[in-house]
Structures are given as C-alpha cells and as structure tokens.
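These are the residues of each chain, in order.
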Amino acid sequence: MKIFGRSNKNKKNYIHSRIGFSLKNPLVVTEIQQEYQFINKQKCFDCNSDIDNKVTDHLSWVLYNNKVHDILRCRCKKCGRTYDFYFDYTPTVNNPAVIPFCVQMEIEDPLPDDIFAIAGTRSFGKNG
Ligand SMILES: [Zn+2]
C-alpha cells in the first residue's frame, strides 16, 4: 500500500504531477485573470489554508519546450509555504515571430529546483 506524503520526495513528486505546479505540467491560459482564478482555488498541501494571491516573485515569457510560460510565486496565507505556479501562454503567443522578442530566459532540462534563484543570477549577475 502506498501512502502519499510519507517522504518529502513523494510529496514533491505528487505536487509536480499536478497541473499548474511545474514547468512540465503548466496550466494553459489565455489571460491573466485565469492565473488568479486558478491560484484562488488552491489550498496549501501542508495546512489546507488558502494561498495568498499576492505575487512575491514573477517571471514572464520563460521559454521551455518551445512554449511560453508565465511563472508566479505565492505563499500560503497561514504557514507561509511557497508555491510556484506555471502557466502556458503558447496559444496566445502563437506567432513564432513574436517569441524571440518576448523571451526573458530559456530553461532547459534538467529543470532547476528553484527557478527564481536561476533567474536572479541571470537577470542581476554582474556580467549581465
Ligand atoms: Zn500552509
């Protein structure tokens, strides 16, 4: 018998298999309101409280698998656990000519554990 959440690894895999919680499983959206509607429906995996839809970090136009993503980091209102939400805007930005001008960064496998840490070094590194 398998029990969810028995180890951190299982817990992490469980979260990343859910749509909207990883770059490999983004939620396809066409407008920003859909992002907030999604976040407002989520409950914290640890304490079952609401997720605060006040965004603490934000990455736009992340290119992965030739798809354009928007990534929002939010926190649980009660325990403060961090959640990263992944949205696929490819249907909206479906003109390939537009993509090179939109892309802020490109992510390849293996995916970083903390996508915002990687983004920080790229965006604010001394060597640009
Ligand atoms: Zn919580």
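For the structure itself, look to the data block above.
To start, this report covers the structure provided alongside it. (Residues numbered from 1 in each chain as written. Predicted model: local features only at pLDDT ≥ 70, side-chain atom pairs only at ≥ 80, totals over all residues.)

## Focus on the overall build of the protein chain
Scanning the protein chain from terminus to terminus reveals four helices and five strands. Ordering the α and β elements of the protein chain from the N terminus gives α-β-α-β-β-β-α-β-α. Counting across all 128 residues of the protein chain, residues that qualify as buried make up 17%. In the protein chain, the share of contacts with a sequence separation of at least 24, taken over all contacts with a separation of at least 6, comes to 52%. (Helix = DSSP H or I, 4+ residues; strand = E, 2+ residues; numbered from the N terminus. Buried ≥ 20, exposed ≤ 12 C-beta atoms within 10 Å, placed from the backbone. Contact = placed C-beta atoms within 7 Å.)

## Considering the environment of Lys78
Its place among the elements puts Lys78 in the loop between strand S3 (67-76) and strand S4 (82-88). Put simply, Lys78 and Ile51 are 27 residues apart on the chain and 8.3 Å apart in space, counted from C-alpha to C-alpha. In this structure, Lys78 is in contact with Cys44, Cys47 and Ser49, ignoring residues within four places of it in sequence.

## Quick look at the nonpolar core
By size, the foremost hydrophobic cluster in this structure holds 17 residues, and its most contacted members are Ile71, Cys74, Phe85 and Tyr86. Looking at this core, the elements with two or more residues in it are strand S2 (51-64), S3 and S4. Per-element accounting of this core gives the leading share, five residues, to S3. If we skip the residues at most four places from it in the chain, Phe85 touches Gly20, Phe21, Glu35, Phe38, Ile39, Ile71, Leu72 and Cys74. (Core = buried A, V, L, I, M, F, W, Y, C linked by C-beta atoms within 7 Å.)

## A closer look at the pairing of S4
Sheet topology note: the strand S1 (residues 27-28)/S4 ladder contains two bridges and is parallel. By the bridge assignment, Val28 is partnered in S4 with Asp88. (Pairing = 2+ DSSP bridges.)

## Let's talk about the sheet that holds S1
Here we have five strands laid out as an open sheet, ordered S1-S4-S3-S2-S5, and mixed in their pairing. Every interior strand has two partners, whereas the edge strands, S1 and strand S5 (105-106), have only one. Pairing geometry for S2 and S3, over eight bridges, is antiparallel. Along S3, the bridge assignment pairs His58 with Leu72.

## What to know about the pairing of S2
Between S2 and S3, which pair antiparallel and follow one another directly, the connecting turn spans two residues, one of which, Asn65, has a positive phi of 55 degrees. Relative to S5, S2 is paired through two bridges, and the arrangement is parallel. Bridge pairing links Val62 to Met105 in S5.

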